[in-house]
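One letter stands for each residue in the lines below.
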Amino acid sequence: MDQRLGGRSELIRSLLRNKWLYLMILPGVLYVIVYKYIPMYGLIISFKNYKPYNGIWGSEWVGLAHFERLFQSSEFWMLFSNTLILFALQIIVFFPIPIILALMLNEVRFTPFKRTVQTLIYLPHFMSWVIVVSISFVIFTTDGGIINDILESMGLQKINFLLSEGWFRPMYILQVVWREAGWGTIIFLAAIAAVDPQLYEAAKMDGAGRLRQMVSITLPAIRSVIVVLLILKIGDVLELGFEHVYLLLNSTNRQVAEIFDTYVYVAGLKQGQFSYSAAVGFFKGFVGLVLVMGANWLAKKYGEEGIY
Amino acid sequence: MAKRKIALAGAMAAMLLVTACSGGGGNTGNGTSNTGGASTGGANDGGGERPTISIMTPLHLAETPDAKIEEMIEDKLNVDLEIQWIPASTFQDRMTSAFATGSLTDIVNIRLDGANREAIQDGQFWEVGPYLDEYENLSKLQEEVLNNTMVDGKLYALYQGRPLSRQGLIYRADWAENLGLATPQTLDELYEMMKQFTENDPDGNGQDDTVGLADRNDFGSGAFKTVGSWIGMPNEWGMQDGQLRPAFMFPEYKETMDFIKDLRDNGYMNSDFPVTSKTEQQNMLINGEAGTYIGCMCDVQQLYTGASQLNPDAAFDVQNQITTDGEPFTVWSGPGFNHPYLFPKSAVKTEEELKQILAFMDGLMDPEIANLLYWGIEGEHYTIEDGLAVPVADQGKIDREVKPYNTIEVGDPATSGRLAGKYEYAPMQKAQELFDDNANYAVQDPTLTLSSETYTDNKDRLAQIITDATYNYMLGELDEAGFDQAVARWQSEGGDQVIEEFNASYADSQ
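The name given to chain B in an unreviewed UniProt entry is Extracellular solute-binding protein, and the organism recorded there is Paenibacillus sabuli.

As annotated in an unreviewed UniProt entry, chain A carries the name Sugar ABC transporter permease and comes from Paenibacillus sabuli. Under the UniProt heading Sequence similarities (unreviewed entry), the entry covering chain A gives this text: "Belongs to the binding-protein-dependent transport system permease family."

Printed below as a string of structure tokens:
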């Protein structure tokens, strides 16, 4: 009894002692509560047959009917595999690129050149997907696009990049790399800058060349940053696809391009099937959670810190 | 692309709304719109008993209009107006989300399909049929058009009139003249024109830089459906062996696909048309890259205005009647109205309020107000010549002060006594006359007033199967057997039920 009281007053004292810190964190906490937790209430509609005029509570419960419909629908596996393949492309093709770029930039000795390159590769990040997709439309179209003009002038066949199933994924990942790779280097460069220079000096004394230094010092030093970013990326990937994929989506590539996000948009907003699309979104969120937890578990297993 | 961007931004916002906080609160619905009536100022303060009427309406221009006309209407009809202007490109999505969050206005302007139709059937909107006779102007609304808005035989909506069919051909008259081509009367002649526009250097610049047709990613308002109706394809649904069937089960649908496929294979049209936006399509005509355009003949004004700035010699003409194999001319018809106006019970609580609103709608059909809404202030925005309204030359002023109000018009010249327009640009004037001509040959969509629950629930998903297959066929990615497979898939995923339900509904209505 005494102990518990003691514990509680301890807590209050600690709260009071750090009140300014807690006050500073308050806006962040409020933000998360208001925009992330309260809306979760709406997930209830995925278990109901939501009719706007009946309200969330007033709508009738249907249990798992919407989930059953999703899992039995002919589109489910297409959506699931399309989403996971784009996800895998992001992780396997895209994720290492900023790291390689950062390592390369780190080796550049001539500072003005390094700065210029950095700025140039950051820039695309500030363009919206609409711009990126429009630019690639102009470049890749068969009606006077520069790439097809070049192919033609070399006597090759025109390639219909924009209207083919096969080219959707390369186009997608190319655009992601072009827009995001430079931006992604920032954190890695910062991590590299924080590596203790003494390590390099010691390595040099032992006769390590630049490549050896990179492999044996830089990479291990930033390994935990890489792992944390990878886990965060895994959590993000299932969220960020919508705008980009929706812009690239057309009748000819739907079989490979339709993902959960675009499907939710069409089913929910275009057709007003709120409950069903909430169920699809819920499922997607669940997959994301599993992936993040799995990645975190793996990271811990290999002795890294993880994110929690 | 800019339009698309706005659409997406809106879509994203709306998406957040639906997926994140469907129950979070209704405050999100009005986020970006202006309430135009808020600033009417001191002059009106005396009218404390003025009813407030709110409307959501699409805005087709970038900026909300000057409030002058709104204030004049408020004074004349003794109401306080709250107009929420919503960018047209996101309008449908915004209505869906406003509906989901219960933030609809007194007067809404929504499609009569999908979830909306269910809500109407569920009694969420006021039935207005019994009241119309009490209002002098509203009772003039055309019965045939009102019938097209009915849900299960009951009237819930008032409408804004539209010509039944504005579809036709726009072509470069100067190119045709250079090559000695007459106005096409048949599909073969049109094909020949597209071929020659591509191959025979119609602009005489010695370069192979032109194509016959510019088309876009839109089956309805682009070339496909209109060419189809010239060939004799039914308007969405048609009669086959005494049964209603969707258009794509008719042989004419395949003929239409083959026609477009052939144009594309021969390079007589833009090969990227499934991903070409309306802006890009129009630019091809404006820049002198393409010589024909199939869609709303009203676009001739815009095409000419753009093209004449780059090339003063550019000349356009319009043509509606194009026939195939000596068959009589037909063209598909719209329902004769634009977005219908409905009155949600969530906003309009009592019958008394409904009557106030109907009185206001009745007032909007008064010839004086109707002209004000459509043409602006006489002497300032238009003049009258031979009983026709002639807009002033300053298009910018009209866009800023008048144009956006066009979207809240009730009825049309035939019913409200609003002045018809006179256009200085002769092909545009001709287009107006051809709209009237089209009306004599228009083919209606027979399912417009029929009900099918399966269709209501799955319309877009089912349509997508066919849209995808049609594009893939025209691009040569799918052969006839593949297309038939898609049709079979459509049937098995609910299409057969839709056919059955529409036929049952049709039998009931006879």
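Participant: So, the overall build of chain B: which residues are in play, and what are the values?
Facilitator: Looking only at helices and strands, chain B features 18 helices and 14 strands. Computed over the C-alpha atoms, the radius of gyration of chain B is 24 Å, within 12% of the 24 Å expected from 2.2 N^0.38 for a compact globule of 510 residues. By principal-axis analysis of the C-alpha atoms, chain B measures approximately 70 × 55 × 45 Å. Within the span of chain B, comprising 510 residues, buried residues form 54% of the whole. With the model as given, the accessible surface of chain B reaches about 20,800 Å², and the carbon-plus-sulfur share is 46%. Of the charged side chains in chain B, 34 are positive and 82 negative; the average position of the first set lies 4 Å away from that of the second.

Participant: Requested: an account of the sheet that holds strand β8 (residues 290-296) of chain B, with residues and values cited.
Facilitator: Residues and elements named next belong to chain B. The four strands are arranged β5-β8-β4-β9 in an open sheet whose pairing can be described as mixed. At either end of the open sheet lies a strand with only one pairing partner, and these are β5 (211-214) and β9 (316-319). Across the sheet, the mean angle separating the axes of adjacent strands is 25° when strand polarity is ignored. Strand contacts of helix α11 (residues 300-310): β4 (167-172), β8 and β9, with the helix running at about 165° to β9, the strand carrying the most contacts.

Participant: Go over the pattern of salt bridges with me, naming the residues and quoting the values.
Facilitator: Residues and elements named next belong to chain B. Taken as a whole and judged by the stated rule, the model has 22 salt bridges over all chains. Linking E236 and K225 is a salt bridge whose minimum nitrogen-to-oxygen distance equals 2.8 Å. Placement of E236 in the loop between α8 (223-231) and β6 (237-240) and of K225 in helix α8 is noted, with a sequence separation of 11 residues between them. Among the residues examined, E236 registers a relative accessible area of 37% and is labelled partly exposed. Under the relative-accessibility criterion, K225 is labelled buried at 10%. We note a salt bridge from E401 to K397, for which the minimum N-O separation is 3.3 Å.

Participant: So what about the interface of chain B and chain A? Which residues, and what values?
Facilitator: Counting from both sides, the interface comprises 44 residues of chain B and, opposite them, 42 residues of chain A. Overall, the association of chain B and chain A removes approximately 3,700 Å² of surface from exposure, summing both partners, and the carbon and sulfur fraction of that is 58%. The interface formed by chain B and chain A includes one salt bridge. Across the pair A:R254 and B:D468 runs a salt bridge whose closest N-O atoms are separated by 2.5 Å. For the pair chain B and chain A, the number of links is six residue pairs in polar contact (both at pLDDT 80 or more). Of all elements in the fold, only α1 (2-21), α3 (91-100), α4 (114-121), α17 (453-474) and α18 (480-509) of chain B reach the threshold of two or more residues within the side of chain B that touches chain A. Looking at the side of chain B that touches chain A element by element, the count peaks at 11 residues for α1(B).

Participant: So what's going on with the environment of B:D457? Which residues, and what values?
Facilitator: Within the secondary structure, B:D457 sits in helix α17. A residue is classified by how much of its surface remains accessible, and B:D457, at 30% relative accessible area, is partly exposed. In sequence terms B:D457 and B:R117 are 340 residues apart; their C-alpha atoms lie 9.7 Å from each other. If sequence neighbours within four positions are ignored, B:D457 has contacts with A:Q271, A:Q273 and B:E118.

Participant: Give me the lowdown on the pairing of strand β7 (residues 243-246) of chain B, citing residues and values where you can.
Facilitator: All names here are of chain B. Residue alternation in β7 divides its side chains into a buried set, L244 and P246, and an unburied set, Q243 and R245. Two elements, β6 and β7, share four bridges in a ladder whose sense is antiparallel. Note that in β7 the partner of M239 across the bridge is L244. A loop of two residues connects β6 with β7, the two strands running antiparallel in sequence, and D241 in this loop sits at a positive phi of about 50°.

Participant: Pulling in residues and values, what's your account of the packing of helix α5 (residues 76-94) of chain A against helix α6 (residues 96-107) of chain A?
Facilitator: Residues and elements named next belong to chain A. The contact between α5 and α6 brings their axes to 6 Å, and the two run at 15°. On the basis of the axis angle, α5 is roughly parallel to α6. Of the residues in α6, those touching α5 at I91, I92, V93 and F94 are P96, I97 and P98. When grouped by side-chain class, the residues that make up the contact of α5 with α6 number seven nonpolar, no polar and no charged.

Participant: Provide a residue-level description of the pairing of strand β1 (residues 52-59) of chain B, including the pertinent values.
Facilitator: Consecutive residues of a regular strand have side chains that alternate between opposite faces of the sheet. All names here are of chain B. Burial within β1 is extensive, with seven of its eight residues counted as buried. Pairing geometry for β1 and strand β2 (residues 80-87), over eight bridges, is parallel. When the sheet's bridge partners are listed, T52 is paired in β2 with D80. Considered for its hand, the β-α-β crossover made up of β1, helix α2 (residues 68-77) and β2 is right-handed.

Participant: Could you give me a rundown of the environment of B:S509, with the residues and numbers involved?
Facilitator: All names here are of chain B. Within the secondary structure, S509 is located in helix α18. Look at S509 and you get partly exposed, because its relative accessible area is 47%. With 357 residues separating them along the chain, S509 and D152 place their C-alpha atoms 9.4 Å apart.

Participant: Can you explain the UniProt feature "transmembrane region" (unreviewed entry) in chain A? Please cite residues and give values.
Facilitator: Residues and elements named next belong to chain A. Summarizing the sequence annotation, UniProt attributes the feature "transmembrane region" (unreviewed entry) to residues 20-38, 84-105, 126-151, 171-195, 215-235 and 274-299 in the numbering used throughout. Span residues 171-195 is 92% helix and 0% strand, its end C-alpha atoms 36 Å apart. A helix fraction of 100% and a strand fraction of 0% characterise residues 215-235, whose end C-alpha atoms lie 28 Å from each other.

Participant: Any chance you could break down the confidence of the model for chain B for me, citing the residues and the numbers?
Facilitator: All names here are of chain B. Of the residues in chain B, 91% reach a pLDDT of 70 or more, and the chain-wide mean stands at 86. Counting contacts from residues 1-47, a segment whose pLDDT is below 50, to residues more than four positions away or on other chains yields 81 contacts. In the model output, the complex is listed with pTM 0.77 alongside ipTM 0.71.

Participant: Could you give an account of the packing of aromatic side chains, with specific residues and numbers?
Facilitator: The geometry of an aromatic ring pair is captured by two quantities: the separation of the ring centres and the angle between the planes. Tallied over the entire structure, the rule returns 46 aromatic pairs over all chains. The interplanar angle of 75° and the centroid separation of 5.2 Å between the aromatic rings of A:F71 and A:F283 together place this pair among those described as edge-to-face. With a gap of 212 residues between them, A:F71 in helix α4 (residues 65-72) and A:F283 in helix α16 (residues 274-301) connect regions that are remote in the sequence. Residue class for A:F71 comes out partly exposed when judged on its relative accessible area of 39%. Residue A:F283 is classed as buried on the basis of its relative accessible area of 13%. Between B:F248 and B:Y253, the aromatic rings sit 6.2 Å apart at their centres with planes inclined by 75°, giving edge-to-face as the arrangement. Classification of B:F248 by relative accessible area gives buried; the value is 12%.

Participant: Give me α8(B): which residues, what numbers.
Facilitator: Residues and elements named next belong to chain B. Summarising burial for α8: nine of the nine residues are buried, a large majority. All buried positions along α8 are accounted for by A223, F224, K225, T226, V227, G228, S229, W230 and I231. With its phi angle positive at about 110°, G232 sits one or two positions after the end of α8.

Participant: Summarise unusual backbone geometry; cite the residues concerned and give the values.
Facilitator: The phi dihedral of B:D241 falls on the positive side, at around 50°, and the residue is not glycine. Since its relative accessible area comes to 75%, B:D241 is described here as exposed.

Rules used throughout
Residues numbered from 1 in each chain as written. Chains lettered and ligands numbered in written order. Predicted model: local features only at pLDDT ≥ 70, side-chain atom pairs only at ≥ 80, totals over all residues. Heavy atoms only, no water. UniProt positions renumbered as here; feature names shortened; annotations may be inferred. Helix = DSSP H or I, 4+ residues; strand = E, 2+ residues; numbered from the N terminus. Rg over C-alpha atoms; globule rule 2.2 N^0.38 Å. Buried < 20%, exposed > 50% of the residue type's maximum accessible area, 1.4 Å probe, protein only. Areas by Shrake-Rupley, 256 points an atom, 1.4 Å probe, with all protein chains shown as cover. Lys, Arg positive; Asp, Glu negative; His and termini not counted. Charge placed at Lys NZ, Arg CZ, Asp CG, Glu CD. Pairing = 2+ DSSP bridges. Axes fitted to C-alpha atoms, helices over the stretch in contact; angles between N-to-C directions. Contact = heavy atoms within 4.5 Å. Salt bridge = Lys/Arg side-chain N within 4 Å of Asp/Glu carboxyl O. Buried area = accessible area lost by both parts, 1.4 Å probe. Polar contact = N/O pair within 3.5 Å; in protein donor to acceptor, adjacent residues only side chain to side chain. Parallel < 35°, antiparallel > 145°, perpendicular 65-115°, else oblique. Nonpolar A, V, L, I, M, F, W, Y, C, P; charged D, E, K, R; others polar. Right-handed = clockwise from strand over helix to strand, strands pointing away. pLDDT = per-residue confidence, 0-100. Phe/Tyr/Trp six-rings, centres within 6.5 Å; stacked < 30°, edge-to-face > 60°.

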